[in-house]
Amino acid sequence: MRFFKFFILIFLAGCQTLGTLGFIEEDPRAPKKIDRSFPSFLSERWSKIEYPPLINFQSEQDKYVGNHILKIVNDQVFRLKDNSLVINNISNGKELSEFILESKTIVSGVSIGYKTFVYSDSDGNIYAHELSDGALRWKKSLQDLVVSEVLITSRSVFLQTSSDVLYSINLRNGEIEWTKSAQSPLLSIRGTASPYFYEGLIFSSFSNGRLAAIRSTDGIQLWEKPISVLRGSTELEKLMDSDTTPIAFDDSVYAANFNGSLTRFDIRTGDKLFSVDFSTSNDLIIYRDLIIGQSNDDKIVAFDAINGSKRWANESFMFRNLSAINLSDGKLYFGDLDGYLHELDAKTGEILGINRTSLGAINQISVNNEFLAVSDFSGKTKIFEIF
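As the structure is a computational prediction, the values presented were derived from the model and not from experiment. (Residues numbered from 1 in each chain as written. Predicted model: local features only at pLDDT ≥ 70, side-chain atom pairs only at ≥ 80, totals over all residues. Heavy atoms only, no water.)

(A) Examining the overall build of the protein chain more closely. Secondary structure assignment for the protein chain yields one helix and 32 strands. In the protein chain, buried positions account for 51% of the 387 residues. For the protein chain, restricting intrachain contacts to residue pairs at least 6 apart in sequence, the fraction spanning at least 24 positions comes to 46%. Carbon and sulfur atoms provide 50% of the accessible area of the protein chain, an area that totals close to 18,500 Å². (Helix = DSSP H or I, 4+ residues; strand = E, 2+ residues; numbered from the N terminus. Buried < 20%, exposed > 50% of the residue type's maximum accessible area, 1.4 Å probe, protein only. Contact = heavy atoms within 4.5 Å. Areas by Shrake-Rupley, 256 points an atom, 1.4 Å probe, with all protein chains shown as cover.)

(B) Geometry of the environment of I354. Mapped onto the elements of the fold, I354 is located in strand β29 (residues 351-356). Every residue in contact with I354, bar those within four places of it in the chain, is listed here: I34, D35, R36, F38, P39, S40, F41, Y340, L341 and H342.

(C) How the structure looks around the nonpolar core. Ranked by size, the top nonpolar core spans 17 residues in total, and within it I292, I300, W312, F317, L332 and F334 carry the most contacts. Put simply, the parts of the chain that give this core at least two residues each are β22 (285-287), β23 (290-294), β24 (300-304), β27 (331-335) and β28 (340-345). Among the nonpolar cores identified, the runner-up in size contains 14 residues, and A128, V165, I169 and L171 belong to it. (Core = buried A, V, L, I, M, F, W, Y, C linked by side-chain atoms within 4.5 Å.)

(D) Examining the side chain of S281 more closely. With respect to the secondary-structure elements, S281 resides in the loop between β21 (272-277) and β22. The exposure class assigned to S281 is buried, which follows from its relative accessible area of 18%. Looking at S281, its side chain comes within polar contact range of the side chain of N296, at 3.2 Å. (Polar contact = N/O pair within 3.5 Å; in protein donor to acceptor, adjacent residues only side chain to side chain.)

(E) Quick peek at the packing of aromatic side chains. Inspection of every chain in the model, using the stated rule, returns ten aromatic pairs. The interplanar angle of 35 degrees and the centroid separation of 5.8 Å between the aromatic rings of F41 and Y333 together place this pair among those described as tilted. You can see F41 sitting in the loop between α1 (2-21) and β1 (42-49) and its partner Y333 sitting in strand β27, a full 292 residues away along the chain. Given a relative accessible area of 3%, Y333 falls into the buried group. Considering the side-chain rings of Y254 and F274, the 6.2 Å spacing of their centres and the 50 degrees angle between planes classify their relative orientation as tilted. You can see Y254 sitting in strand β19 (residues 252-256) and its partner F274 sitting in strand β21, a full 20 residues away along the chain. Here the two residues Y254 and F274 agree in accessibility, since each one is buried. (Phe/Tyr/Trp six-rings, centres within 6.5 Å; stacked < 30°, edge-to-face > 60°.)

(F) Inspection of the pairing of β29 at higher detail. Bridge count between β28 and β29: five bridges; the pairing is antiparallel. Residue pairing for β29: E343 is matched across the bridge by G353. In this antiparallel pair of consecutive strands, β28 and β29, the connection spans five residues, and G349 shows a positive phi of 80 degrees. (Pairing = 2+ DSSP bridges.)

(G) Highlighting unusual backbone geometry. Residue D164 is not a glycine yet carries a positive backbone phi of 65 degrees. In this structure, D164 sits in the loop between β11 (156-160) and β12 (165-170). Among the residues examined, D164 registers a relative accessible area of 0% and is labelled buried. In this structure, R288 takes a positive phi of about 55 degrees despite not being glycine. Mapped onto the secondary structure, R288 falls in the loop between β22 and β23.

(H) Here's a closer look at the pairing of strand β20 (residues 261-266). Counting buried positions along β20 gives five out of six residues, so the element sits mostly inside the fold. Two strands pair when backbone bridges link them, and β19 and β20 are joined in this way by five bridges, in the antiparallel orientation. In the sheet register, A256 faces β20, and the bridge partner there is L262. Between β19 and β20, which pair antiparallel in sequence order, lie four residues; one of them, N259, sits at a positive phi of approximately 60 degrees. Taken together, the five bridges between β20 and β21 define a ladder with antiparallel strand orientation.

The structure is reproduced here in structure tokens:
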């Protein structure tokens, strides 16, 4: 037995020596180690443990699992529990309402706005409910999956299907007002982007890597332009899905795509004002004169909103499977695969704080000026107060 233990020690020491000498290569995509020396910035207020059912598709559709299940709206937290929408007081966790949904297989998550909540299911149905009492206002069957979050405006609901069809649906009666179809590429293995409303226009990016500007009232397209140029010769190399929701400011709209670019367009003409290499499937953030994005390898980068030059980059969280980044009061908040929560200065990219939680891999974060709502993939939800 002693000889066996001695042999094991020698073997482990040899492996370490080989690694030091470079004979055993380290995984270049291994998650970066976390520096835990930064101060805490959160205190836990309350938590809920729910185990929402997995969406059990019998085909390739099993990749479409509803992600948008947690939101802070004013002083309330909206979350999914089984086939219900639950509303809690953000300060103390008191349950204010629980509304039964029409389906258990929610794909797009729940969107809230204009006294309405809207969601889609795995059968391609869209549902709109009254936020006051949960009553079903209308149901529309599109027979097509809607995997991205639905956009609600004062008069219409805008949504994009997995087959690249953009719909405008009347908010009050559920009637289709107009549609816009894009030519889908031969290969598309990612999701879809959510439409974006700005100054009477709907901006929508598609799986063919193009951005379209459309009048919201009648569906007339003003322009459609590629976000980036094609690279490579194979269909895999040409994969440039845009799952990133466009964002606009002043007279410019910004869009990005996978394996492509971050591009600034003129809102009225669609002319490109700059285009820089940047591959992402996550939404962009506007902060003052910065466009902040999270690359597909979890590098966080801030670009100048005018000329596209890189202003700062933080590589401390690469390959840590970060959640979507949220902005509040000049600070960036996000979680990672080990349940850590992070706080960054949006102006400089410097790390301000870190909190270790009892959560698993973080999949959702929602924030306001006082609170951070967080959920992990196992169904746990925690509310933290920011200090």
